[in-house]
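Understanding the architecture of this molecule
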Amino acid sequence: MRRPHAPLLLLACVVAFPAWGWGSDGHLIIAEIAENRLTPAAQAGVADLIGDQSLGDISTWADQIRRQRPETRPWHYLNPPLGVDQVLLEHSPPEGSVLSCVVEQTAILRDAEATHAERSEALYWLAHMVGDIHCPMHVSKAEDRGGNDIDVIVAGTETNLHRAWDGTIWRVRGETWQETADRLESSIDEFEIDATMNPEDWATETYRYAIDYGYNVTPGTELGEDYIEQALPIIDRQFVAGGVRLAALLNEAFAETNE
């Protein structure tokens, strides 16, 4: 995966269209959880790279540029071989994946010799992709295109399994993104997230949620109350994990670059 161009040069020509991954609201939740956990050094490092914007402000840029840069589309997901116990970087195809994107952009952010523009864009990617790597259908099966080919119904809405996990399921609560972020913040210690795990471990956790639970559906039917009631805590957990781990990644990166 080659290094992308500087994001600030591209934002002016972006045309808004529906987001992928967790959707814009989901990425805002993850970004806010992360921002609340940044060290002073990381806060200063982020401000140096993106000015007075927040992590939430840049968290959907990676979706918005897909039309201008179609080569980045594969960077939002990964379909490892079925039955693997551990998702590894080597499972990424040559065109890249969400796992390889996180690993490579983290290396750029930590690289003291990288240009300001390169490190700025790396932060844009990470603000989004750390969220996507925690979204169950983004690390799942190739056969059905990560659930896109499995039609389901959620609360009377016809959709597919991928979109259901991206946002349709968690929106049944009727919360705004801020209400969800506030609710998760109030009980965040209960989730016991290990922030020291590496991106391969993040991807493995996500894959297991998809395979062990997400695919327990009958195509073309309504997702039952039991399915949704079990899915919602998984989604909450992945929101928190994405935010806590994004913060840990940035805290470590900016501690290194400031040494």
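All values derive from a computational prediction rather than experimental measurement.

The rules behind these values
Residues numbered from 1 in each chain as written. Predicted model: local features only at pLDDT ≥ 70, side-chain atom pairs only at ≥ 80, totals over all residues. Heavy atoms only, no water. pLDDT = per-residue confidence, 0-100. Contact = heavy atoms within 4.5 Å. Buried < 20%, exposed > 50% of the residue type's maximum accessible area, 1.4 Å probe, protein only. Helix = DSSP H or I, 4+ residues; strand = E, 2+ residues; numbered from the N terminus. Pairing = 2+ DSSP bridges. Salt bridge = Lys/Arg side-chain N within 4 Å of Asp/Glu carboxyl O. Phe/Tyr/Trp six-rings, centres within 6.5 Å; stacked < 30°, edge-to-face > 60°. Expected span 1.5 Å × (residues − 1). Polar contact = N/O pair within 3.5 Å; in protein donor to acceptor, adjacent residues only side chain to side chain. 1 Å grid on protein atoms, 1.4 Å probe; cavity = no way out; pocket = protein on both sides within 12 Å on 5 of 7 lines; lining within 4 Å. Points joined across faces, edges and corners; volume = space filled by probe spheres on them. Nonpolar A, V, L, I, M, F, W, Y, C, P; charged D, E, K, R; others polar.

On to the confidence of the model for the protein chain. Overall, the predicted model of the protein chain reaches an average pLDDT of 91, with 91% of residues at or above 70. pLDDT under 50 marks residues 1-19. Its contacts with residues more than four places away, or in other chains, come to 40 contacts.

Right, let's get into the pairing of strand 1 (residues 151-154). A one-sided burial pattern is seen for strand 1, the buried positions being Val-152 and Val-154 and the unburied ones Asp-151 and Ile-153. Across 4 bridges, strand 1 lies against strand 2 (residues 157-160) in antiparallel orientation. Following the sheet pairing, Ile-153 is matched in strand 2 by Glu-158. Here strand 1 folds back onto strand 2, and the loop between the two strands holds 2 residues, one of which, Ala-155, carries a positive phi near 50 degrees.

Tallied over the full model, the rule gives 12 salt bridges. The closest approach of N and O atoms between Asp-236 and Arg-183, which form a salt bridge, is 3.0 Å. You can see Asp-236 sitting in helix 10 (residues 225-257) and its partner Arg-183 sitting in helix 8 (residues 177-186), a full 53 residues away along the chain. Using a relative accessible area of 6% as the deciding quantity, one classes Asp-236 as buried. Of the charged contacts, one joins Glu-205 and Arg-237 as a salt bridge, the two residues approaching to 2.9 Å between their closest N and O atoms.

Further remarks concern the packing of aromatic side chains. Summed over all chains, the structure comprises 8 aromatic pairs. Ring centres 4.8 Å apart and planes at 25 degrees place the aromatic pair Tyr-213 and Tyr-227 in the stacked group. You can see Tyr-213 sitting in helix 9 (residues 199-214) and its partner Tyr-227 sitting in helix 10, a full 14 residues away along the chain. By the burial criterion, Tyr-213 is buried, and Tyr-227 matches it. Members of the aromatic cluster, connected to one another through ring pairs, are Trp-61, Trp-75, Tyr-124 and Trp-125.

Within the element layout of this structure, Asp-25 appears in helix 1 (residues 23-35). Using a relative accessible area of 25% as the deciding quantity, one classes Asp-25 as partly exposed. The residues touching Asp-25, leaving out its near neighbours within four places in the chain, are Trp-170, Arg-171 and Trp-177.

Okay, the environment of Leu-246 next. Relative to the assigned elements, Leu-246 resides in helix 10. Residue Leu-246 is classed as buried on the basis of its relative accessible area of 1%. Sequence separation between Leu-246 and Ile-30 is 216 residues; the distance between their C-alpha atoms is 8.2 Å. With residues up to four places along the chain from it excluded, the contact list for Leu-246 reads Ala-34, Leu-55, Leu-126, Ala-127 and Val-130.

Along its 13 residues, helix 5 (residues 98-110) runs 18 Å from first to last C-alpha, staying within 8% of the 18 Å computed at 1.5 Å per residue. Taken as a whole, helix 5 has its buried residues at Val-98, Leu-99, Ser-100, Cys-101, Val-102, Gln-105, Thr-106, Ile-108 and Leu-109. If you check the start of helix 5, you find a side-chain oxygen 3.2 Å away from the backbone N of Leu-99, and it comes from Ser-97.

Counted as a void, the second largest pocket has a volume near 220 Å³. Together, 14 residues line the second largest pocket, and Arg-110, Pro-199, Trp-202, Leu-249 and Glu-252 are the ones closest to its centre. When contributions to the lining of the second largest pocket are tallied by element, the ones reaching two or more residues are helix 5, helix 9 and helix 10. Each residue belonging to the lining of the second largest pocket can be placed in one class, and the counts come to 8 nonpolar, 3 polar and 3 charged.

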